[in-house]
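Results of the structural survey
In case you want the letters, here they are:
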Amino acid sequence: MFDSSSLYAEGARVFRMVTRKAGTLFFILGLLAVSLVVVNTARAGVPTFSGGGPGNGQVGTPPDALIDINASEALNPATVDTTNVTLKKCTGAGDALSCTPTGSDDTTNLCSTVTLGTGSNGANTRITCGASVLAINTTYRFRIGTGVQAANANEPNAANVDRIFRTGGFIG
């Protein structure tokens, strides 16, 4: 025969063991969630850049292409200017992979204007370089410098953001 009181006691023991293990598991999951939140917010206020165009390494870019980029958060308009946003010719570069402007190319910013508008992440997140039609079959470097800052924390970029591209032989 079986003893219902011992079966009840065994069931209660198993239940306590399972709830202790589950409690430990939920505690560990809770710590992991807090860790992820801390890691995710550690760079709050430091803008990152993506999208827009031309893309890094792009070849055959129309010389009259729009040159822009999107920020991950609103930027301080006072820091988005021709000092911190540049477009420079890469004389002698035969591809769209490397660029070291030299001589007058290094000092001439081809962005005659820089505007900050509404991008994919809201107001003040899209930077546009206003440049004349570029030379054909030429390599350029579009740079967002470390002086560009987020609006809410005035934190600068962690590093320059460069896009190197090469124009094609036609105007699109």
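No experiment lies behind these values; they were computed from the predicted model shown.

Quick word on the pairing of strand β8 (residues 161–167)
When you tally the buried positions in β8, you get five out of seven residues, the bulk of the element. Here two bridges tie strand β2 (residues 59–61) to β8, and the two strands are oriented parallel to one another. Each residue of the ladder has a partner; that of V59, found in β8, is R166.

Considering the sheet that holds strand β5 (residues 113–119)
An order of β1-β3-β6-β5 is seen for the four strands of this open sheet, with the pairing classed as antiparallel. Each having just a single partner strand, β1 (49–53) and β5 make up the two edges of the open sheet. Across the sheet, the mean angle separating the axes of adjacent strands is 30° when strand polarity is ignored. For β5 and strand β6 (residues 122–130), the ladder comprises six bridges, and the chain directions are antiparallel.

Description of the state of the cysteines
Evaluation of the coordinates by the stated rule reveals two disulfides. The side chain of C90 participates in a disulfide bridge whose partner is C99; the two sulfur atoms lie 1.7 Å from each other. Looking along the S-S bond of the C90-C99 disulfide, the torsion reads about -80°, which is the left-handed sense. One disulfide bridge connects C111 with C129, the sulfur atoms lying 2.1 Å from each other. Residues C111 and C129 are joined through a disulfide that is left-handed, its torsion about the S-S bond being -115°.

Section: the confidence of the model for the chain
Predicted coordinates in areas of low pLDDT are best not read in detail. The share of residues in the chain with pLDDT of 70 or more is 73%, and the mean pLDDT across the chain is 80. Counting interchain partners and residues more than four positions distant, the pLDDT-below-50 stretch residues 25–42 has zero contacts.

A look at the pattern of salt bridges
Enumeration over the complete set of coordinates arrives at two salt bridges. Here R126 and D68 are joined by a salt bridge, their closest N and O atoms 2.8 Å apart. Of this pair, R126 sits in strand β6 while D68 sits in strand β3 (residues 67–71), and the two are 58 residues apart along the sequence. Under the relative-accessibility criterion, R126 is labelled partly exposed at 27%. With a shortest N-O distance of 2.6 Å, D162 and R143 are connected by a salt bridge. You can see D162 sitting in strand β8 and its partner R143 sitting in strand β7 (residues 139–144), a full 19 residues away along the chain. Look at D162 and you get partly exposed, because its relative accessible area is 29%. R143 gets classed as partly exposed once you look at its relative accessible area, which sits at 21%.

Some remarks on the side chain of D68
Judged by relative accessible area, which is 8%, D68 ranks as buried. Of note is the side chain of D68, whose polar atom sits 2.8 Å from the side chain of R126. Each residue touching D68, except ones within four places of it in the same chain, is listed here: G51, G52, G53, R126, I127, T128, F142 and R163.

A word on unusual backbone geometry
The omega torsion across G53 and P54 is -5°, close enough to zero to call that bond cis. Here P54 shows up in the loop between β1 and β2. The backbone of N124 shows a phi angle near 60°, a positive value even though the residue is not glycine. Relative to the helices and strands, N124 is located in strand β6. Of note, the phi angle at N137 is positive, near 50°, even though the residue is not glycine. Assignment of secondary structure puts N137 in the loop between β6 and β7.

Parameters and conventions
Residues numbered from 1 in each chain as written. Predicted model: local features only at pLDDT ≥ 70, side-chain atom pairs only at ≥ 80, totals over all residues. Heavy atoms only, no water. Buried < 20%, exposed > 50% of the residue type's maximum accessible area, 1.4 Å probe, protein only. Helix = DSSP H or I, 4+ residues; strand = E, 2+ residues; numbered from the N terminus. Pairing = 2+ DSSP bridges. Axes fitted to C-alpha atoms, helices over the stretch in contact; angles between N-to-C directions. Disulfide = S-S within 2.5 Å. pLDDT = per-residue confidence, 0-100. Contact = heavy atoms within 4.5 Å. Salt bridge = Lys/Arg side-chain N within 4 Å of Asp/Glu carboxyl O. Polar contact = N/O pair within 3.5 Å; in protein donor to acceptor, adjacent residues only side chain to side chain.

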